[in-house]
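Inside the fold
Chain by chain, the residues:
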Amino acid sequence: MLTSINPTMKAFTIFIPGLLLAFIFDPLTPLLYLVFTIVMTFLLSDISVKRWLLIFTPFVFVSLGFAWMTMLYSNDTFSGGDVILSFWWFEVTSGSMMVAVSLGLRSLCLVALSLMFVLTTDSTKFMLSLMQQIKLPPKLTFGILAGYRFLPTFRHEFEVLRQAHRIRGVGRAKGIKERIRQFRRYAIPLLANAIRKAERVAVAMESKGFTGSPKRSHYHEMKVTRRDWVFFSTFVFVFFVTVFTSYLLGYLNVFGRQL
């Protein structure tokens, strides 16, 4: 189901709770929303758990790093409460601990939301949706799409260049000066090929009547249906439910203020 949701609506579904989470400084709200996001991701899509874990796990260590640094260097506003741990010149208080855990969970929440979008969204449909629903200029949309399509070919060309240099006896660069020369040897032919391809694409698009005008018909029409609104409303509604639950349990903290 997630693959059939309008990509622009899906992007807003991620952006709005992600933005609101930035103001929440208690650990319970992001924890509840993280669980909800993960459950919805696997319920509404056929993403492999193994693949999801392979992508998600490195971010767990990154969020632990964020939490650790926040715990040690938290602002005076958030470092109140009893001292839990003290070593060297660092003091970890209950306040800084809560903010650190909250930051780590918020980071994971944003990662889970982003994965839900990235793993279930077709890039072409997303750009077409931005053009039709957000009125992004067609010149910009098709330019981004063309550039995105060319990325794999650049990788192939880079590999061909590297092998060609190796056949001619050009070894691996050592030192900064050699690396800069090596970068120029690769960059100039790649840039020349990119310009040549851009010209060909521009000529092909003009020959097919592309003018860049926003008043145009679309072969693939992207529509916002009732199901998209239900999806968007569910995620926003559940966010406020988690906030209210935290408030009832006495955990809600908005930007350092206990409510």
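Scroll up to find the structure this text is about.
Residues numbered from 1 in each chain as written. Predicted model: local features only at pLDDT ≥ 70, side-chain atom pairs only at ≥ 80, totals over all residues. Heavy atoms only, no water.

What follows is about the overall build of the protein chain. In terms of regular secondary structure, the protein chain is built from eight helices and four strands. For the protein chain, the succession of helices and strands along the chain, N to C, is α-α-α-β-β-α-α-α-α-α-β-β. Compactness check: the protein chain gives a C-alpha radius of gyration of 25 Å against a globular reference of 18 Å for 259 residues, more than 25% above the reference. The C-alpha extent of the protein chain, read off along each of the three principal axes, is 65 × 55 × 35 Å. Every one of the 259 residues in the protein chain was classed for burial, and the buried ones make up 36%. If you take every contact in the protein chain between residues at least 6 apart in sequence, the share linking residues at least 24 apart comes to 74%. When the accessible surface of the protein chain is split by element, carbon and sulfur atoms take 67% of a total near 16,800 Å². In the protein chain, which carries 29 positive and 13 negative side-chain charges, the distance between the mean positions of the two groups comes to 11 Å. (Helix = DSSP H or I, 4+ residues; strand = E, 2+ residues; numbered from the N terminus. Rg over C-alpha atoms; globule rule 2.2 N^0.38 Å. Buried < 20%, exposed > 50% of the residue type's maximum accessible area, 1.4 Å probe, protein only. Contact = heavy atoms within 4.5 Å. Areas by Shrake-Rupley, 256 points an atom, 1.4 Å probe, with all protein chains shown as cover. Lys, Arg positive; Asp, Glu negative; His and termini not counted. Charge placed at Lys NZ, Arg CZ, Asp CG, Glu CD.)

Attention now moves to the packing of helix 6 (residues 138-167) against helix 7 (residues 175-207). Close contact between helix 6 and helix 7 brings their axes to 10 Å; oriented N to C, the two are set at 145°. As for how helix 6 packs across helix 7, the hand of that crossing is right-handed. Between helix 6, through Phe 142, Ala 146, Phe 150, Thr 153, Phe 154, Glu 157, Phe 158, Leu 161, Arg 162 and His 165, and helix 7, the contact on the second element is made entirely by Arg 185, Tyr 186, Pro 189, Leu 190, Asn 193, Ala 194, Lys 197, Val 201 and Met 205. (Axes fitted to C-alpha atoms, helices over the stretch in contact; angles between N-to-C directions. Left-handed = near helix turned anticlockwise from the far one by under 90°.)

A contiguous patch of positive charge on the surface is contributed by Lys 177, Arg 181, Arg 184 and Arg 185. Topologically, Lys 177 is positioned in helix 7. The class for Lys 177 is exposed, based on a relative accessible area of 66%. (Patch = residues over 30% accessible without salt bridge, like charges linked within 9 Å, V, L, I, M, F, W, Y side chains within 5 Å. Salt bridge = Lys/Arg side-chain N within 4 Å of Asp/Glu carboxyl O.)

Together, Met 98, Phe 244, Tyr 247, Leu 248, Leu 249, Tyr 251 and Leu 259 line one region of the surface with nonpolar side chains, adding up to about 750 Å² of accessible area. Residue placement: Met 98 occurs in helix 4 (residues 94-118).

The next point concerns the packing of helix 2 (residues 28-43) against helix 8 (residues 226-248). The interhelical angle for the contact between helix 2 and helix 8, taken along N-to-C directions, is 145°, at an axis separation of 9 Å. Both helix 2 and helix 8 take part in a crossing whose hand is right-handed. For the pair helix 2 and helix 8, contact is made by Leu 28, Thr 29, Leu 32, Tyr 33, Phe 36 and Met 40 and by Thr 234, Phe 235, Val 238, Phe 239, Thr 242, Val 243, Thr 245 and Ser 246, respectively. Among the residues making up the contact of helix 2 with helix 8, the classes are represented as nine nonpolar, five polar and no charged. (Nonpolar A, V, L, I, M, F, W, Y, C, P; charged D, E, K, R; others polar.)

If you walk through the whole model with that rule in mind, you get eleven aromatic pairs. Ring geometry for Trp 229 versus Phe 232: centroids 6.1 Å apart, planes at 85°, classification edge-to-face. Here Trp 229 and its partner Phe 232 are both found in helix 8, three residues apart, which amounts to about one turn of the helix. Using a relative accessible area of 47% as the deciding quantity, one classes Trp 229 as partly exposed. Taking the centre distance of 5.5 Å and the plane angle of 80° together, the rings of Phe 239 and Phe 240 count as edge-to-face. Between the NZ or CZ atom of Arg 106 and the centre of the ring of Phe 25, over which it lies, the distance is 4.6 Å. (Phe/Tyr/Trp six-rings, centres within 6.5 Å; stacked < 30°, edge-to-face > 60°. Lys NZ or Arg CZ within 6 Å of the ring centre and 35° of its normal.)

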